[in-house]
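Chain by chain, the residues:
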Amino acid sequence: MSLLSPVSPDPAAHTGPASDAFDADPGIPPQRHRPFSRANLVQTLAGGYLPLIVATLVVFLPLLWMVLSSFKQPGEIITMDLKILPESLNFENYNIAMTTVPFAQFFLNSLIVTGVGATIKVLLAILTAYALVFVRFPYKNVIFVLILVALMVPPQVSILPNYILIAGMGGKNTLWGIILPGLGTAFGTFLLRQHFMTLPGSILESAEIDGAGHWRRLWQIVVPVSGPSIATVALVVVVSEWNDYIWPLIITDRPETMTLPVGLTLLQNSEGNGSGWGILMAGAVLVIVPILLVFAALQRYIVAGLTQGSVTG
């Protein structure tokens, strides 16, 4: 046999279908399902639309039932036969709810408590977050850890100490007694602090070289570029202040200083029999409608604020 004769290739190297060579090639992308294929539709429904529909129903159905019940007569609510829709749109429940208790006073108190409390909370959160990021002082990280601890501790733990303190200061049955214990917001401070850390330091360094102090840098540079994050904190604080129930219920027992959620307890007591459920539902609708309108108008700031600064590059 000649040394120059070609070596015959191994016939086992060509056995098997030709598609195996393409499957083993890492440069060829995997096969994708068509948009309207059965597998793609099942994955979309099971992984996307179905959880979304379930979550929406869990949140929306109780609200829908409350609104429908506010138009029902007592015989349509307390009955063995389930009636989803009311027989007629009767606004008498709303009229009774607004005249049985001093509803206008409750509404005004809620506006004052929410407006003043939310404004002070947001201002304190902005100032604290700025100090934790841009001001040099000792034990700054320790203070931030304490803020995180306050974020994880449930607010019910501080109810008794706050009551002793506020009652001792003469704040019982006063609006400032409702506002004062909740002026700090650990969530707002944490969120703004994390956002301020993403701001480019060159901007503030340039302002410092130009002679701008901390106060000017805060309100002329940091706050304008942090609008979505600040709006997110403000919206969350407004919703929590408006819906706060436990603390106003404990610190007030006079109608002239009660907020709307606490005022519903008077409405429930005045309509203690079974005929008062429709009136109570009407009062609940009147309480949540204003904050739902605010939330629906400003909810886009939540997404923008929570995602601001999360993408870099």
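First things first, this report covers the structure right here in the doc. (Residues numbered from 1 in each chain as written. Predicted model: local features only at pLDDT ≥ 70, side-chain atom pairs only at ≥ 80, totals over all residues. Heavy atoms only, no water.)

1. Quick notes on the packing of aromatic side chains
Phase 1 of the analysis: This structure, assessed with the given rule, holds 8 aromatic pairs.
Phase 2 of the analysis: On the basis of an interplanar angle of 45° and a centroid distance of 6.2 Å, the ring pair of Phe91 and Tyr94 is categorised as tilted.
Phase 3 of the analysis: By relative accessible area, which is 52% here, Phe91 ends up exposed.
Phase 4 of the analysis: Relative to Trp219, the ring of Trp215 lies with its centre 5.7 Å away and its plane at 65°, an arrangement referred to as edge-to-face. (Phe/Tyr/Trp six-rings, centres within 6.5 Å; stacked < 30°, edge-to-face > 60°. Buried < 20%, exposed > 50% of the residue type's maximum accessible area, 1.4 Å probe, protein only.)

2. Considerations on the packing of helix H4 (residues 92–100) against helix H15 (residues 277–298)
Phase 1 of the analysis: Relative to each other, H4 and H15 sit at 75°, their axes nearing to 8 Å. Between H4 and H15, the angle falls in the class roughly perpendicular. On the side of H4, the interface is formed by Asn93, Tyr94, Ile96, Ala97 and Met98, while H15 contributes Gly278, Ile279, Ala282, Gly283, Val285 and Leu286.
Phase 2 of the analysis: Residues of the contact of H4 with H15, tallied by class, amount to 8 nonpolar, 3 polar and no charged. (Axes fitted to C-alpha atoms, helices over the stretch in contact; angles between N-to-C directions. Helix = DSSP H or I, 4+ residues; strand = E, 2+ residues; numbered from the N terminus. Parallel < 35°, antiparallel > 145°, perpendicular 65-115°, else oblique. Contact = heavy atoms within 4.5 Å. Nonpolar A, V, L, I, M, F, W, Y, C, P; charged D, E, K, R; others polar.)

3. A few points about the nonpolar core
Phase 1 of the analysis: Grouped together as the largest cluster of nonpolar side chains are 22 residues, with contacts concentrated most on Tyr94, Leu260 and Leu267.
Phase 2 of the analysis: Broken down by element, this core gets its largest block of residues, 9 residues, from H15.
Phase 3 of the analysis: In this structure, Leu192, Phe196, Leu204 and Val237 belong to the second largest nonpolar core, which totals 18 residues. (Core = buried A, V, L, I, M, F, W, Y, C linked by side-chain atoms within 4.5 Å.)

4. Examining the side chain of Lys72
Phase 1 of the analysis: Locating Lys72 in the fold gives a position in the loop between helix H2 (38–69) and helix H3 (74–77).
Phase 2 of the analysis: This buried residue, Lys72, is left without a salt bridge; Glu76 holds the nearest opposite charge, at 6.1 Å. (Lys, Arg positive; Asp, Glu negative; His and termini not counted. Salt bridge = Lys/Arg side-chain N within 4 Å of Asp/Glu carboxyl O.)

5. Some remarks on unusual backbone geometry
Phase 1 of the analysis: Its identity as a non-glycine residue notwithstanding, Tyr139 has a phi of 60°, on the positive side.
Phase 2 of the analysis: By the secondary structure assignment, Tyr139 is in the loop between helix H5 (103–134) and helix H6 (140–152).
Phase 3 of the analysis: One non-glycine residue, Asn173, lies in positive phi territory at about 60°.
Phase 4 of the analysis: Within the secondary structure layout, Asn173 lies in the loop between helix H7 (159–168) and helix H8 (175–179).

6. Some words on the pattern of salt bridges
Phase 1 of the analysis: Tallied over the entire structure, the rule returns 2 salt bridges.
Phase 2 of the analysis: In this structure, Glu241 and Lys121 form a salt bridge, with 2.9 Å as the shortest nitrogen-oxygen distance. Note that Glu241 is positioned in helix H12 (residues 227–243) and Lys121 in helix H5, a separation of 120 residues in sequence.
Phase 3 of the analysis: Relative accessible area serves as the criterion here: at 11%, Lys121 is assigned to the buried category.
Phase 4 of the analysis: Close ionic contact of Arg217 with Glu208 constitutes a salt bridge, the shortest N to O distance being 3.7 Å.
Phase 5 of the analysis: Take Arg217: its relative accessible area is 8%, and that puts it in the buried class.
Phase 6 of the analysis: Judged by relative accessible area, which is 47%, Glu208 ranks as partly exposed.

Note that all results are geometric; they support no functional claim without further evidence.
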